[in-house]
Amino acid sequence: MPLPKSDYLSDTWKDGLFTNKVVFCTGGAGTICSAQVRALVHLGADAFIVGRNVEKTEKVAKDIATVRPGARVIGLGAVDVRSFDSLNNAVVRCVKELGAIDYVIAGAAGNFLASINQLSVNAFKSVMEIDVLGSYNTLKATIPHLVESAAKHRVDSDTLKPSPAGTGGRIIFVSATLHYTGTPFQGHVAVAKAGIDALSNTVALEFGPLGVTSNVIAPGPIASTEGLDRLLPTEQKEKVIKSQPLGRLGSVRDIADATVYLFADTGSYVSGQILVVDGASWRISSSAGSANYPDFLISGDTFQSVKGKKAKL
Ligand code: COA
């Protein structure tokens, strides 16, 4: 269902900011990434989103396309970021159908609560492969196109004037904040997100000379996302909200606005950064996450969700 603009984009940005630009996004049917893409499409971009679930990815793409008459938004399902070939085929199709890739959002991720005792080797490997290898595959498949776009959209190094053709050659990795302190039952995700942060920093250094910027957005607890709904039991929600420094959860609009900032001219000299969008949440060390720490560990109970459900394709 089409969303009101106020749900995914603030009024700060001018329409047409991303006209003739193309964004490629993994995990694009998810709540956060779809809001990021929706905001960019609203502001003029065309988009190519990929995901594992065919029906969901196609449906979300159609929905995003409603935000702007003439918007081209392609949703391609059955793409697993763990497979370079699968991802690369999607990239080839994106360039063939939409003409270029100016921006990339590496957003595909896997997450569930499990202590190390409950986490099988394969479960750990799955999250590492989806998050870290998936981000690397996304980078490898798209970087030639980002380099090409960056060359066309460089800020003039003498006058410091932006290119009249706008910006291009930018990548955002979606990470998290839970590895800044330490979060029980999220060891697998913490390790993976730390790897993603390190990858982004290296991209900034190695591709900066070619005009590409690379940054991380680290969302805090964002309301109405599948991640938060799954990881935070309803009965604990009120307590968590109360404990937030800004007295509220984040919104997907907060993340979308940060994305526009990094991709627009406002972000031209911002690279190798981690933009934490969490209302200072991580600085309050609640450490226990959503479980009753440490009683839960001592009890020997298992999380209800620990018997891993095979993700439906
Ligand atoms: N707790 C503990 N282990 C779990 C688990 C859970 N909740 N969910 C999956 N696993 C384990 C599986 O048991 C399996 O390990 P095993 O072979 O030793 O039994 C391993 O993880 C791989 O599981 P599989 O079902 O094959 O999933 P996958 O590799 O295709 O995908 C996820 C893994 C994380 C993506 C999947 O669990 C999932 O769909 N999660 C929900 C969606 C999601 O995470 N979205 C991100 C939003 S933040």
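- Per an unreviewed UniProt entry, the chain goes by 2,4-dienoyl-CoA reductase [(3E)-enoyl-CoA-producing] and derives from Aspergillus cavernicola.

1. Here we look at the sheet that holds strand β2 (residues 46-50)
Move 1: Taken in spatial order, the seven strands of this open sheet run β3-β2-β1-β4-β5-β6-β7, and their pairing is parallel. Two strands close off the open sheet at either side, each with one partner strand: β3 (73-76) and β7 (273-277). Mean inter-strand twist for the sheet, computed between neighbouring axes without regard to direction, equals 15°.
Move 2: Bridge count for strand β6 (residues 213-219) against β7 is five bridges, and the pairing is parallel. Note on β7: the bridge partner recorded for Ile 217 is Leu 275.
Move 3: Across the face of the sheet, helix α3 (residues 84-98) comes into contact with β1 (22-26), β2 and β3 while running at roughly 160° to β2.

2. Focus: the side chain of Ser 281
Move 1: Along the chain, the position of Ser 281 falls in the loop between β7 and α10 (295-299).
Move 2: Residue class for Ser 281 comes out buried when judged on its relative accessible area of 13%.
Move 3: The residues contacting Ser 281, other than those within four sequence positions of it, are Pro 221, Gln 244 and Pro 245.

3. A look at the environment of Ser 251
Move 1: By secondary structure assignment, the location of Ser 251 is in the loop between α8 (234-242) and α9 (252-263).
Move 2: Judged by relative accessible area, which is 21%, Ser 251 ranks as partly exposed.
Move 3: Between the C-alpha atoms of Ser 251 and Gly 220, which are 31 residues apart in sequence, the distance is 9.5 Å.

4. Remarks on the pairing of β2
Move 1: Buried residues dominate β2, accounting for five of its five residues.
Move 2: Here β2 shows no split at all, with Asp 46, Phe 48 and Val 50 on one side and Ala 47 and Ile 49 on the other all buried.
Move 3: Pairing analysis gives five bridges linking β1 to β2, with the strands arranged parallel. Bridging across to β2, Thr 26 finds its partner in Val 50.

5. A look at a nonpolar patch on the surface
Move 1: Nonpolar side chains collect at one region of the surface, where Tyr 293, Leu 297 and Ile 298 lie side by side and expose about 330 Å² of accessible area between them.
Move 2: Along the chain, Ile 298 turns up in helix α10.
Move 3: Judged by relative accessible area, which is 70%, Ile 298 ranks as exposed.

Each value, and the rule that gives it
- Residues numbered from 1 in each chain as written.
- Predicted model: local features only at pLDDT ≥ 70, side-chain atom pairs only at ≥ 80, totals over all residues.
- Heavy atoms only, no water.
- Pairing = 2+ DSSP bridges.
- Helix = DSSP H or I, 4+ residues; strand = E, 2+ residues; numbered from the N terminus.
- Axes fitted to C-alpha atoms, helices over the stretch in contact; angles between N-to-C directions.
- Contact = heavy atoms within 4.5 Å.
- Buried < 20%, exposed > 50% of the residue type's maximum accessible area, 1.4 Å probe, protein only.
- Patch = residues over 30% accessible without salt bridge, like charges linked within 9 Å, V, L, I, M, F, W, Y side chains within 5 Å.
- Areas by Shrake-Rupley, 256 points an atom, 1.4 Å probe, with all protein chains shown as cover.
- Salt bridge = Lys/Arg side-chain N within 4 Å of Asp/Glu carboxyl O.

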